[in-house]
Amino acid sequence: MKKLISVILVFVFVFGTVSFASAAERLMVYTSMKESLIGKLRDAFTKKYPGIAFDYYSAGAGKLMAKIAAERQSGKMTVDVLWHSEVPDFYQLKKEGIFVPYVSPEAKFVKSTVKDPEGYFTPARLGTLGIAYNTRKISVPPTSWQDLLDARFKNGYGIANPALSGTAFMSIAMMAQNLGWDYIQKLKANGAIVGQGSGQVVDDTAAGDLKASLGVDYIVIDKMEKGANMKFFYPKEMLVIPSPVAIIKGTPNLSAAQKFVDFLLSKEGQTIIAASGTIPVRSDVSVVKKFGLPSPDEAVARAMKLDYLKTMNEKEAIIKKFDGIMRGR
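Residues numbered from 1 in each chain as written. Predicted model: local features only at pLDDT ≥ 70, side-chain atom pairs only at ≥ 80, totals over all residues. Heavy atoms only, no water.

K.L.:
Honestly, the overall build of the protein chain in this entry has me stumped. Any pointers?
P.N.:
Regarding its fold elements, the protein chain presents 13 helices and 10 strands. Relative to the 2.2 N^0.38 estimate, which gives 20 Å for 329 residues, the radius of gyration of the protein chain is 22 Å and therefore close to what a compact globule would have. Reported as C-alpha extents along the three principal axes, the dimensions of the protein chain are approximately 90 × 40 × 35 Å. Per-residue burial over the protein chain gives 51% buried out of 329 residues. Taking the intrachain contacts of the protein chain between residues at least 6 apart in sequence as the baseline, contacts between residues at least 24 apart amount to 75%. (Helix = DSSP H or I, 4+ residues; strand = E, 2+ residues; numbered from the N terminus. Rg over C-alpha atoms; globule rule 2.2 N^0.38 Å. Buried < 20%, exposed > 50% of the residue type's maximum accessible area, 1.4 Å probe, protein only. Contact = heavy atoms within 4.5 Å.)

K.L.:
How should the packing of helix 7 (residues 198-207) against helix 8 (residues 217-225) be read in this particular structure?
P.N.:
Two packed helices can be described by the angle between their axes and the distance between those axes. Viewed as axis vectors pointing N to C, helix 7 and helix 8 meet at an angle of 35°, and their least axial separation amounts to 10 Å. For the pair helix 7 and helix 8, the sense of crossing is right-handed. Contact residues: helix 7 offers Ser198, Gly199, Val202, Asp203 and Ala206, while helix 8 offers Ile219, Val220 and Lys223. Class assignment of the residues belonging to the contact of helix 7 with helix 8 gives a composition of four nonpolar, two polar and two charged. (Axes fitted to C-alpha atoms, helices over the stretch in contact; angles between N-to-C directions. Left-handed = near helix turned anticlockwise from the far one by under 90°. Nonpolar A, V, L, I, M, F, W, Y, C, P; charged D, E, K, R; others polar.)

K.L.:
How should the environment of valine 140 be read in this particular structure?
P.N.:
As for its position among the elements, valine 140 is in the loop between strand 5 (122-134) and strand 6 (157-159). Along the chain, valine 140 and lysine 226 lie 86 residues apart, while their C-alpha atoms are 23 Å from each other.

K.L.:
Which parts of the structure should I look at to understand the pattern of salt bridges?
P.N.:
Under the defined criterion, the tally for this structure stands at 18 salt bridges. Its salt-bridge partner being aspartate 147, residue arginine 152 comes within 3.4 Å of it at the nearest N-O pair. Given a relative accessible area of 25%, arginine 152 falls into the partly exposed group. Residue aspartate 147 is classed as buried on the basis of its relative accessible area, which comes to 13%. Lysine 310 is paired through a salt bridge with glutamate 314; the nearest N and O atoms lie 3.1 Å apart. Accessibility expressed as a relative area gives 30% for glutamate 314, which makes it partly exposed. Bridged by salt links that share partners, the residues Glu86, Asp89 and Lys315 form one connected network. (Salt bridge = Lys/Arg side-chain N within 4 Å of Asp/Glu carboxyl O.)

K.L.:
Sorry if this is basic, but what is going on with the side chain of threonine 251 here?
P.N.:
Position of threonine 251 relative to the elements: it lies in the loop between strand 10 (239-248) and helix 9 (254-265). A polar atom in the side chain of threonine 251 sits 2.6 Å from the side chain of aspartate 80. (Polar contact = N/O pair within 3.5 Å; in protein donor to acceptor, adjacent residues only side chain to side chain.)

K.L.:
Explanation requested: the nonpolar core in the structure shown.
P.N.:
For soluble globular proteins, the rule of thumb is that nonpolar side chains tend to be buried together. Core analysis: the biggest nonpolar cluster contains 105 residues, and Leu27, Leu82, Trp83, Trp145, Tyr157 and Ile184 have the highest contact counts within it. Of all the elements, helix 5 (residues 166-178) adds the most residues to this core, at eight residues. (Core = buried A, V, L, I, M, F, W, Y, C linked by side-chain atoms within 4.5 Å.)

K.L.:
Help me understand the packing of aromatic side chains, please; the structure alone is not making it clear to me.
P.N.:
Where two aromatic rings form a pair, the distance of their centres and the angle of their planes describe that pair. Counted according to the given criterion, the structure contains 11 aromatic pairs. An angle of 85° between the planes, with centres 5.6 Å apart, marks the rings of phenylalanine 45 and phenylalanine 260 as edge-to-face. Pair noted here: phenylalanine 45 is in helix 2 (residues 35-48) and phenylalanine 260 is in helix 9, with a separation of 215 residues, a long-range link. Residue phenylalanine 45 shares its accessibility class with phenylalanine 260, and that shared class is buried. One aromatic cluster is present, formed by Phe45, Tyr49, Phe54, Phe260 and Phe263 through successive ring pairs. Above the plane of the ring of tyrosine 57 lies lysine 67, whose end atom (NZ or CZ) is 5.1 Å from the centre. (Phe/Tyr/Trp six-rings, centres within 6.5 Å; stacked < 30°, edge-to-face > 60°. Lys NZ or Arg CZ within 6 Å of the ring centre and 35° of its normal.)

K.L.:
Explain the side chain of glutamate 86 here, please?
P.N.:
With respect to the element layout, glutamate 86 can be found in the loop between strand 3 (81-83) and helix 4 (87-95). A polar contact is formed between the side chain of glutamate 86 and the side chain of lysine 315, at a distance of 2.4 Å. When near neighbours in sequence (up to four residues on either side) are disregarded, glutamate 86 contacts Ala61, Ser165, Gly166, Phe169, Met170 and Lys315.

K.L.:
Got a minute to help me understand empty space enclosed by the protein in this structure?
P.N.:
The tally for this structure, following the rule as stated, stands at one cavity of 30 Å³ or more. For the largest cavity, the full set of lining residues is Val100, Pro101, Tyr102, Gly119, Tyr120, Phe121, Thr122, Val245, Ala246, Ile247 and Val261. The greatest single-element share of the lining of the largest cavity, amounting to three residues, is contributed by strand 10. Looking at the lining of the largest cavity residue by residue, the classes come out as nine nonpolar, two polar and no charged. (1 Å grid on protein atoms, 1.4 Å probe; cavity = no way out; pocket = protein on both sides within 12 Å on 5 of 7 lines; lining within 4 Å. Points joined across faces, edges and corners; volume = space filled by probe spheres on them.)

Structure (structure tokens):
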């Protein structure tokens, strides 16, 4: 009898330990995605993998990079997965050996303007920016980027600070390369204003404090769905900004990180992303049509071109030049 009890206790101890180890698997994601999106992805992911304790830190790309830099300096990294919209950062961190390569089985379905063939990062969303405008302030809708130089937008067009917002930085870099720095200077001459984050300039547009703004798709669409007096327009030449995801080298939670990347790129994960009002990276996932979002293939075809490696090396110079123009220096 004693022997039987001992066997049972050993059985309980061993399998109890295995169960505890499984439940103790952790994942920390640093992302620039808004709470409304990353929260839904977390809920769906943990439902599929209940043994993984999922946490995230949501902030602008600039803050995320500063946090990672501080952690690297301290020698204690808490992040397992990085996901934001400033593509040059991913090239830079890859160069510095911060990422571990991982080619997800879902990666073959990805449509994007940029890909890393070695698998150090993979686009997980095609963020787009267009002209968000307040319909009470603007009665004649814009039809091109050049329209923002018209008198009807004077002293009322907002752009997020590219030093804080990854999407704003990428947009400025694309505009400078495709429309020219003189276009940015003309925006300033027409009274364009620099705001804080991407969400803030859209909030100000919805409130009527701005006539229009450079709006991130799902932030604008969320406002419109809540009843804001706004509309959203995409010029022919689109600002398409891939949001790559990458796994941090040396993470003790590699298996959980790989599962998250797989989930993010899967049809299930991309359906959640598309439902939030942005463009998925898979052609087999439908976009929200009612607000004029293009398909992934159309977005890639209409996207402004950008030399990402050149942009990586000129990041500080681009931000400094933009800041100088907008401050009148």
